[in-house]
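Each chain, letter by letter, is given below.
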Amino acid sequence: MTAPETPLLRVVRGNPSDAELAALTAVVAAAASARAPEPAPKRDSWWADKSSLVRAPLAPGEGAWRASALPR
């Protein structure tokens, strides 16, 4: 035997129409399902970061050879 479920919403005053009740239910459901974005994972070590091994695309032009040695 299961326990009776409690309602998510209960109208305390007034007499809302079916459309108003449906709109309220949709808003409450959307707010309940929205979560805060998870923080980015913390890097363990900059030394072990493999993204520095990926070369950026070449940018030909005036002074490109000089800029190729600059850190990004």
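Basis of the calculations
- Residues numbered from 1 in each chain as written.
- Predicted model: local features only at pLDDT ≥ 70, side-chain atom pairs only at ≥ 80, totals over all residues.
- Heavy atoms only, no water.
- Helix = DSSP H or I, 4+ residues; strand = E, 2+ residues; numbered from the N terminus.
- Rg over C-alpha atoms; globule rule 2.2 N^0.38 Å.
- Buried < 20%, exposed > 50% of the residue type's maximum accessible area, 1.4 Å probe, protein only.
- Areas by Shrake-Rupley, 256 points an atom, 1.4 Å probe, with all protein chains shown as cover.
- Lys, Arg positive; Asp, Glu negative; His and termini not counted.
- Charge placed at Lys NZ, Arg CZ, Asp CG, Glu CD.

Per an unreviewed UniProt entry, the protein is named Acyl-CoA carboxylase subunit epsilon, and its organism is Amycolatopsis alba DSM 44262.

J.: Kindly report on the overall build of the protein, identifying the contributing residues and their values.
T.: Across its full length, the protein holds 2 helices and 0 strands. Whereas a compact globule of 72 residues would reach a radius of gyration of roughly 11 Å, the protein reaches 28 Å, over 25% beyond that. In terms of its C-alpha atoms, the protein occupies a principal-axis envelope of roughly 75 × 35 × 20 Å. Expressed as a percentage of its 72 residues, the buried residues of the protein come to 0%. Summed over all atoms, the accessible surface of the protein reaches about 7,800 Å², with 61% contributed by carbon and sulfur. Averaged over its 9 positive side-chain charges, the protein has a centre that lies 12 Å from the centre of its 7 negative ones.

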